[in-house]
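Okay, here's what each chain looks like letter by letter:
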Amino acid sequence: MKSTGSRTLWLVLFGILGFWFMLGCHKQSSSTSASTGGSIHPYTAEMEKDDGQWVRATKDFANTRYSSLSQITAQNVAQLRVSWTFATTVPHGQEAAPIVANNTMYLATPWPNVLYALDLTKPGAPLKWKYEPHPSPAAKGEACCDWVTRGAVFDNGKLFFNTLDGYTIALNADTGEQLWRTHLADLNNGETITMAPMVVRNHVFVGNSGGEFGVRGWLAALDTSSGKLAWKAYSTGPDNEVLIGSRFHPYYATDKGSDLGVKTWPPDAWRIGGGTVWGFLSYDPQLNLIYYGTANPGPWNPEVRPGDNKWTAGMFARDPDTGEAVWFYQMSPHDLFDWDGINEDVLVDLPWQGQLRKVLLRPDRNGHVYVIDRATGQVLSANPFAYTNTTTGVDLRTGALQRIPDKAPRTGQVVRNICPDAPGAKDWQPSSFSPQTGLLYIPHQNMCMDEEGTEVSYIAGTPYVGSSVQYYAGPGGHMGELTAWDPIAGKAVWTIKDKYPIWSGTVTTAGGLVFFGTMDGWFKAADAKTGNILWQFKTDSGIIGQPVSYRGPDGKQYIAILSGIGGWPGSIVAGQLDTRDGTAANGWGKALPNIRNEVTAGGTLYVFSLP
Amino acid sequence: MRPMLVSILLLGSLLTGCKREQRVFDPGAAGSQPANGTVLSEVAAGQQPPKGNQPNPIAESAYAVAEGKRFYQAYNCVGCHANGGGAIGPALMDSEWIYGSSLEQIHSTIVQGRPNGMPSYAGKIPDYQVWEIAAYVRSMSGQLPSDVAPSRSDHMPMVVPEQSRPQEHPGAEHPQPVVSEPSR
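Residues numbered from 1 in each chain as written. Chains lettered and ligands numbered in written order. Predicted model: local features only at pLDDT ≥ 70, side-chain atom pairs only at ≥ 80, totals over all residues.

Chemist: Break down the overall build of chain A for me, citing the residues and quoting the values.
Modeler: Within chain A, the regular secondary structure consists of six helices and 38 strands. By the compact-globule yardstick of 25 Å for 611 residues, chain A fits well, its C-alpha radius of gyration being 23 Å. Considering only C-alpha atoms, chain A reaches an extent of 85 × 60 × 55 Å along its principal axes. The buried share of chain A, taken over its 611 residues, is 61%. (Helix = DSSP H or I, 4+ residues; strand = E, 2+ residues; numbered from the N terminus. Rg over C-alpha atoms; globule rule 2.2 N^0.38 Å. Buried ≥ 20, exposed ≤ 12 C-beta atoms within 10 Å, placed from the backbone.)

Chemist: An account of the sheet that holds strand β18 (residues 325-330) of chain A is requested, with residue identities and associated values reported.
Modeler: All names here are of chain A. An order of β15-β16-β17-β18 is seen for the four strands of this open sheet, with the pairing classed as antiparallel. Looking at which strands have only one partner, the edges of the open sheet turn out to be β15 (282-284) and β18. Across the sheet, the mean angle separating the axes of adjacent strands is 20° when strand polarity is ignored. In the sheet, strand β16 (residues 289-293) pairs with strand β17 (residues 314-318) via four bridges, with the strands oriented antiparallel. Opposite Tyr291, over in β17, you have Ala317 as the bridge partner. (Pairing = 2+ DSSP bridges. Axes fitted to C-alpha atoms, helices over the stretch in contact; angles between N-to-C directions.)

Chemist: Tell me what's going on with the sheet that holds strand β13 (residues 218-223) of chain A, and back it up with residues and numbers.
Modeler: All names here are of chain A. Within the open sheet, the four strands sit side by side as β11-β12-β13-β14. Their pairing is antiparallel. If you trace the sheet from one side to the other, it starts and ends with β11 (198-200) and β14 (229-234), each paired once. Sheet twist, expressed as the mean angle between neighbouring strand axes with direction ignored, is 25°. Note that β13 and β14 share five bridges and pair antiparallel. From the neighbouring strand, Ala221 faces β14, where its bridge partner is Trp231.

Chemist: Could you give me a rundown of the interface of chain A and chain B, with the residues and numbers involved?
Modeler: In this complex, chain A contributes 31 residues to the contact, which on the side of chain B involves 29 residues. When residues of the side of chain A that touches chain B are traced back to their parent elements, those giving at least two are β28 (447-453), β29 (467-473) and α5 (584-591) of chain A. Looking at the side of chain A that touches chain B, the element that brings in the most residues is α5 of chain A, giving four residues. Among the residues forming the side of chain A that touches chain B, the class breakdown is 11 nonpolar, 14 polar and six charged. (Contact = placed C-beta atoms within 7 Å. Nonpolar A, V, L, I, M, F, W, Y, C, P; charged D, E, K, R; others polar.)

So, in structure tokens, the structure goes:
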């Protein structure tokens, strides 16, 4: 008996030692996770003029989120202090960008989607008016990732925003009077709207959400004065409904052919195939093209939808007036991991092998920063900005994402250590670009997952996922990163790490600063050149919003951010979920077991300025 | 033509007017027709405590509860409530019960739906399957005997098996044990 006992003890010790070694190996591989060696190249091409306002979430049509205001600098940012605050009274994920126009600030809240107008000309910016659209409470059960909205857009005296239950509303920006209200998304099919609309000339663009409910994705253009539908372009289905016609010239062979939105799916699966449009749009006035990404195909379980699943997990260039598709590129054909292609496209003109090219920079959910010729859709480069073990890069001749087949999810089997995980290397959180450094500031994740494919039934209005997932930190043990990226070299210049995913957007300023927030509530300013944190302030909840910079009526520079944890990971706090279940919040339970003990729900605007 | 139209309109208004004046003078003895439905509140007007969690063979059958677990997946309950931790919808393994934790209350929540996001499954699932799902849901917070609740699953480990979960204490039932009685 005694000898058996000691043998067991040895075995246990040996096991522990072995496990320890394995951990060590795992850790060692982390040092190669992010490439460094990029450098700063000041940007000399022309940019849109900054009027000191912030009329749309993306700041400008090019999506730079760059503010030319320079009162707040690396030298004086330490004196930054709260100027005033405002309580939205909605303790859910605050993903909206505050909109500033005509000395008024407009805030769009998560469901019940209240629109507040604050008067910036008066001390403390008191409430000027509020508009309550009274959305259906049933919408809360059809939205995958908390009750978020990504904000409003101001154009020509009007304010446009979307409600979770599927309406686009236009208000008189001075009075809050409703001008029109158009019903676009059908809750009964699981459709909601969370994106921030964008306006080009007389059209306001709106897309749907619901990629986890088997909806069919679309982007719609509404007439800004009447709210009437001008055109609607689906992301799946026959060419005439995707608005693919004679002007469509994709760069790569895999995107050429008729009705690929039908033929790259099992029969009729395109009708419930996803490809929703809930990210940010960009616009190039010279080429007269809008750019946007399409989300994941449904369901997540890829085994039930063999084929490339066009036109999901890709991006379109379209004519804003007619909606006609001009080109398309699919970042993740036959998506395996819920890698929505909705990430922002930042339009810049870069020196490329001796000539100035009109490109777009796209830090994609699949972990690569794409540099794409925005006139043709040709991929010029695609380099990983986050740790990945699921792909080996992009073949620039064919445009194909090269996958590692072992990591493909399978029904009834658990595949472990898939990096990046379902929320991807980067989810919705928008990056920013500074002409001073020529760098793209990318807030993103460093995460992996275990996944088991499951059988799934399509029942309209209920989730259509077919996958069990659990997420955890990637190599290094931290879940969040802010990477300053040199798009020309395709390499990082510096990286800030954070315990939690950095789920907030970023803004860069001419003061040489990058502002961002953390899920545990810190709002921070980093030196755009070095990544050194120069200032930070603890807000009352977690930050997952979009910081903005504007000039007040008093001539001072202000920085504004909404604090209020929520969104997909933060729904653990906002929805009081139970993390004893690792699959809570569709996989975040395992990653964030203690976040409810560290952060509380909130919904407060903070505005900062120098004394 | 015109007088005819006028008279038709007049006749129409008279007809609707008749209904308007109709009343029921004798609805019967009040006690003979109490309004019933699934009770959601712990407090009952008139101090008649609602009866919850009557013995139910489904909640005592390991087979029925295992079937409930299967249907919980098949009808996409798992998509919103995960494996008890919640996602789009609330957690089901804790002690918070917005619309009641009794078998009858869970059954009616599934059938009727609830205004803040729970879709109604009325007319979509056979009644016995709803009861099986409701019983399984109770097992998620440790409300069923351990020989009835499901044990280890064959899938990716993500949560302690229902059988081994500590019994939660929903506010309306199984009150937290009283640790000190007020002195007389």
